[in-house]
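# Observations on the three-dimensional arrangement
The chain contents come next:
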Amino acid sequence: MPKPVVLITGANGEIGRSLLQTVAGHGGFDVITLDLALPPESMRPMVAASYAGNIMDRYLLDQVAAHHEVDMVFHLAALLSARGERDPELAHQINVEGTLNVLRMATNQSVRLGRPVRFLFPSSIAVYGLPSPDEKRALGRVREEQWNLPITMYGCNKLYCEHVGRYYTFHATRPGAEAHAPRLDFRAIRFPGLISAETSPTGGTSDFGPAMIHAAASGVPYECFVPPDARLPFMAMPDAVRALMDLARADRSRLKTCVYNIGAFSLSALQIAERVRKAFPAARIEYVPKAARGAIVESWPEDVDDTRARTDWGWAPAYGWDRTVDEYLVPALTAKYGVTP
Ligand code: SER
């Protein structure tokens, strides 16, 4: 029997690289990738087919759909929050119009295959917009339906696409299609800031956490663009990838919603810096706050309430902050950069 086909868009990105290794390592899927460039040479043996191109290219997506029976999509391609503020229109094009193209392709595949294509979408804490630092501190853990008032284009894009995914899953009718024709099966996770040992992030607002660690591990000084008390929720990449896999495999009948918060730990820039200095005593970290990026961090919650994910599909983080540093980051970064702590 042929294996189910999994399409990963943005496969060369921060989440994509880790997810690709996990899905390919699982052995039960044929993985195809779509990104602006082909995957790095080392990853090519993991994929059944790769497409180099843009999610804005509907013809390319039609080609992917014509050549493969795609059962599941992890749509990771996006322009992140800080980069998006430099060019909001481009962010809208990629994050909304591009996502719409991929949603359309997956919806058509659901009809063609006669079964719902599962569509996994990484949303973000960027969908929240808290009105003030005082409100942020008073609120603590935010629930999915609270403060959906994003202040970045990226946050607006993610929030809107969550709604469009829900629309295609439960409400859209296609002219000429039977009432019970298979629809898309859209599932989104609102991720906190992610910390990967594999790549140092670019273009995001939560980058100060992981970037500080990569800088220390590679022996270069780091200018932190938020003040020491700036606080966000964070998560280790292995937990983020596991969450995507677990939600992808969850039985639809158990899911009461399309959109889930997930949390792991909440840290200030100072707490990250202190722990990084402990692991890499030669770390040089200086605070050079940038007002615009600081304002975005202040608008995002300091932690999330993930009760729904825990109840509906058994979410629980495996990595706390100490385990993230001791068992994941330090061994991997030491091997990667060759600098002894
Ligand atoms: N980590 C992302 C960013 O900072 C948010 O999802 O843009």
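The coordinates are above.
Residues numbered from 1 in each chain as written. Predicted model: local features only at pLDDT ≥ 70, side-chain atom pairs only at ≥ 80, totals over all residues. Heavy atoms only, no water.

Quick look at the overall build of the chain now. The helix and strand inventory of the chain stands at 12 helices and 14 strands. Computed over its C-alpha atoms, the radius of gyration of the chain comes to 20 Å, within 12% of the 20 Å expected for a compact globule of 341 residues. Oriented by its inertia axes, the alpha-carbon framework of the chain measures out at about 65 × 45 × 40 Å. Each of the 341 residues in the chain was classed as buried or not, and the buried ones make up 55%. In the chain, 77% of the contacts between residues at least 6 apart in sequence involve partners at least 24 apart. When the accessible area of the chain is evaluated, it comes to approximately 14400 Å², of which 54% is carbon and sulfur surface. (Helix = DSSP H or I, 4+ residues; strand = E, 2+ residues; numbered from the N terminus. Rg over C-alpha atoms; globule rule 2.2 N^0.38 Å. Buried < 20%, exposed > 50% of the residue type's maximum accessible area, 1.4 Å probe, protein only. Contact = heavy atoms within 4.5 Å. Areas by Shrake-Rupley, 256 points an atom, 1.4 Å probe, with all protein chains shown as cover.)

Our next topic: the sheet that holds strand E2 (residues 30-35). A sheet is described by the order of its strands in space; here seven strands give the open sequence E3-E2-E1-E4-E5-E7-E11, paired in parallel fashion. Two strands close off the open sheet at either side, each with one partner strand: strand E3 (49-52) and strand E11 (259-261). For this sheet, the mean inter-axis angle between neighbouring strands, taken without regard to orientation, is 15 degrees. In this sheet, E3 lies alongside E2 in parallel orientation, the contact comprising four bridges. Each bridged residue has a counterpart across the sheet, and for Asp35 the counterpart in E3 is Ala52. Across the sheet, helix H2 (residues 58-67) touches strand E1 (5-9), E2 and E3, and the angle it forms with E3 is around 170 degrees. Packing of helix H8 (residues 237-249) onto the sheet brings it into contact with strand E4 (70-75), strand E5 (118-124), strand E7 (185-191) and E11, and relative to E7 it is tilted by some 155 degrees. (Pairing = 2+ DSSP bridges. Axes fitted to C-alpha atoms, helices over the stretch in contact; angles between N-to-C directions.)

Let us look at the sheet that holds strand E8 (residues 193-195). Taken in spatial order, the three strands make up an open sheet running E8-E10-E12, and their pairing is mixed. Each having just a single partner strand, E8 and strand E12 (265-268) make up the two edges of the open sheet. Strand-to-strand twist in this sheet, taken as the mean axis angle between neighbours without regard to direction, amounts to 45 degrees. For strand E10 (residues 231-236) and E12, the ladder comprises four bridges, and the chain directions are antiparallel. Considered in E12, the bridge of Pro233 is made with Ser266.

What the rule picks out here adds up to 17 salt bridges. For Arg242, the salt bridge goes to Asp239, with nearest N and O atoms at 2.9 Å. Of this pair, Arg242 and Asp239 both sit in helix H8, three residues apart, which is roughly one turn of that helix. One continuous salt-bridge network, built from bridges that share partners, spans Arg118, Asp185, Arg187 and Arg252. (Salt bridge = Lys/Arg side-chain N within 4 Å of Asp/Glu carboxyl O.)

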